[in-house]
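Residue-level structural notes
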Amino acid sequence: MPASRKSGKVFYTLRPSREGQPPFSDIRLADGTIIRRVDETIHKRALSNAAKALKERLDR
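Given the structure is predicted, the values throughout are model-derived calculations rather than measurements.

With respect to topology, 3 strands assemble into an open sheet ordered β1-β3-β2, the strand pairing being mixed. Edge positions in the sheet fall to β1 (10-15) and β2 (24-28), since each of these pairs with one other strand and no more. Put simply, the sheet's adjacent strands are angled 20° from each other on average, direction ignored. Of the strands in this sheet, β1 and β3 (34-39) are in contact with helix α2 (residues 40-59), which crosses β3 at around 90°.

This part takes up the environment of S17. Within the secondary structure, S17 is located in the loop between β1 and β2. Among the residues examined, S17 registers a relative accessible area of 39% and is labelled partly exposed. Placed 22 residues apart in sequence, S17 and D39 show a C-alpha to C-alpha distance of 5.4 Å. Excluding residues within four positions of it along the chain, S17 makes contact with D39 and T41.

By the definition in use, this model includes 4 salt bridges. R36 is paired through a salt bridge with D26; the nearest N and O atoms lie 2.6 Å apart. With a gap of 10 residues between them, R36 in strand β3 and D26 in strand β2 connect regions that are remote in the sequence. Taking the relative accessible area as the measure of exposure, R36 reaches 23% and is therefore partly exposed. Relative accessible area serves as the criterion here: at 32%, D26 is assigned to the partly exposed category. For D59, the salt bridge is made with K55, and the minimal N-O distance between the two is 3.2 Å. With D59 and K55 both in helix α2 and 4 residues apart, this pair spans about one turn of that helix. For the pair D59 and K55, a shared accessibility class is recorded, and that class is exposed.

The rules behind these values
- Each chain carries its own residue numbering, running from 1 in the direction its sequence is written.
- Owing to the predicted nature of the model, reporting of local features is limited to residues with pLDDT of at least 70; listing and counting of side-chain atom pairs is limited to 80 or more, with chain, interface and lining totals taken over all residues.
- Calculated side-chain values reflect all of the structure's heavy atoms, with hydrogen atoms and water omitted.
- In short, DSSP must find at least two bridges between two strands for them to pair.
- Numbering of helices and strands runs from the N terminus; a helix is a DSSP stretch of H or I covering at least four residues, while a strand is a stretch of E covering at least two.
- What counts as an axis is a line fitted to C-alpha atoms, over the stretch in contact for a helix, and the angles between N-to-C directions run from 0 to 180 degrees.
- Should any heavy atoms of two residues lie within 4.5 Å, those residues are considered in contact.
- Exposure categories follow from relative accessible area, calculated using a 1.4 Å probe and restricted to protein chains: below 20% of the type maximum is buried, above 50% is exposed, and the middle band is partly exposed.
- A pair is scored as a salt bridge if a Lys or Arg side-chain nitrogen falls within 4 Å of a carboxyl oxygen belonging to Asp or Glu.

In short, the description is geometric, and any link to function would need to be established separately.
Here it is in structure tokens:
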């Protein structure tokens, strides 16, 4: 595994939804830190899906 992946640091920033842009983009810093810019609507949908899945597991 490359040394840059050993840091394990990933920071997320939310950005507004924009047509024609990818859902997320990564910026890699020299020390191996990754800053991921995530589309806000996709982030909210993922949180909603995770909450539903957790609720279903807890209800079993």
